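Coordinate analysis (summary)
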Amino acid sequence: QVQLVESGGGLVQPGGSLRLSCAASGRSILRIDPAGWYRQAPGKQRELVAAISSGASPNYAESVKGRFTISRDNAKKTVFLQMNSLKPEDTAVYYCNARVTTLPYQSSDYWGQGTQVTVSS
């Protein structure tokens, strides 16, 4: 059974930083690719924040360009989202989504459980 486990959310003041992690756990995981971070604020639709894929440059929502950075550690099967210069409008539940390939070469898409990010003074 594959799971995506997120961590790193919390309460931060405007201008602060947080680093979210999304770790894939389970048996025989070969890779996680592509992967992305989404967020959903109260009363709003879930939106793509950042995505990463082999052979392509990461892409970002316009609202986070220059402030957020997506990266991954392939050996640890973990995807990160470094969030700097946080604003109150970044407040949302952040979700990780990834296509996980397991042996013998089966791929499925998974969602994490979500982690709350609150930006407030």
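See the structure shown above.
Residues numbered from 1 in each chain as written. Predicted model: local features only at pLDDT ≥ 70, side-chain atom pairs only at ≥ 80, totals over all residues. Heavy atoms only, no water.

Examining the layout of surface pockets
Where empty space is left in the structure can be found by rolling a water-sized probe over the atoms. The calculated volume of the largest pocket comes to roughly 150 Å³. In terms of lining, the largest pocket is formed by 13 residues, of which the most central are Arg 39, Ala 41, Lys 44, Glu 47 and Glu 89. Tallied by class, the residues present in the lining of the largest pocket amount to two nonpolar, four polar and seven charged. (1 Å grid on protein atoms, 1.4 Å probe; cavity = no way out; pocket = protein on both sides within 12 Å on 5 of 7 lines; lining within 4 Å. Points joined across faces, edges and corners; volume = space filled by probe spheres on them. Nonpolar A, V, L, I, M, F, W, Y, C, P; charged D, E, K, R; others polar.)

Re the packing of aromatic side chains
Applying the stated criterion across every chain, the model contains two aromatic pairs. When the ring of Tyr 95 is compared with that of Trp 111, the centres are 6.5 Å apart and the planes differ by 85°; the resulting orientation is edge-to-face. Here Tyr 95, found in strand β9 (residues 92–102), pairs with Trp 111, found in strand β10 (residues 106–111); they are 16 residues apart in sequence, far enough to count as distant. Given a relative accessible area of 15%, Tyr 95 falls into the buried group. The exposure class of Trp 111 is partly exposed, given its relative accessible area of 41%. In textbook terms, an aromatic cluster arises when at least three aromatic residues are bridged by ring pairs, as seen for Tyr 38, Tyr 95 and Trp 111. A cation sits over an aromatic face here: Arg 46 above Tyr 95, 3.8 Å from the ring centre. (Phe/Tyr/Trp six-rings, centres within 6.5 Å; stacked < 30°, edge-to-face > 60°. Helix = DSSP H or I, 4+ residues; strand = E, 2+ residues; numbered from the N terminus. Buried < 20%, exposed > 50% of the residue type's maximum accessible area, 1.4 Å probe, protein only. Lys NZ or Arg CZ within 6 Å of the ring centre and 35° of its normal.)

What about the environment of Lys 87?
Structurally, Lys 87 is set in the loop between β8 (78–83) and β9. Spatially, the C-alpha atom of Lys 87 lies 9.2 Å from that of Thr 118, the residues being 31 residues apart in sequence. With residues up to four places along the chain from it excluded, the contact list for Lys 87 reads Arg 67 and Val 119. (Contact = heavy atoms within 4.5 Å.)

Focus on the side chain of Thr 101
As for its placement among the helices and strands, Thr 101 is situated in strand β9. With residues near it in sequence (within four places) discarded, Thr 101 still touches Ser 28, Ile 29, Leu 30, Arg 31, Gln 106 and Ser 107.

With respect to the pattern of salt bridges
Scanning the model with the defined rule gives six salt bridges in all. Between Glu 47 and Arg 39 there is a salt bridge, and its shortest N-O distance comes to 2.7 Å. Across the pair Asp 90 and Arg 67 runs a salt bridge whose closest N-O atoms are separated by 2.7 Å. A residue pair is termed long-range when its members are at least 10 positions apart, and Asp 90 in the loop between β8 and β9 and Arg 67 in the loop between β6 (59–60) and β7 (68–73) qualify at 23 residues. Each member of the salt-bridge network shares a partner with another, and the members are Arg 39, Glu 47, Arg 67 and Asp 90. (Salt bridge = Lys/Arg side-chain N within 4 Å of Asp/Glu carboxyl O.)

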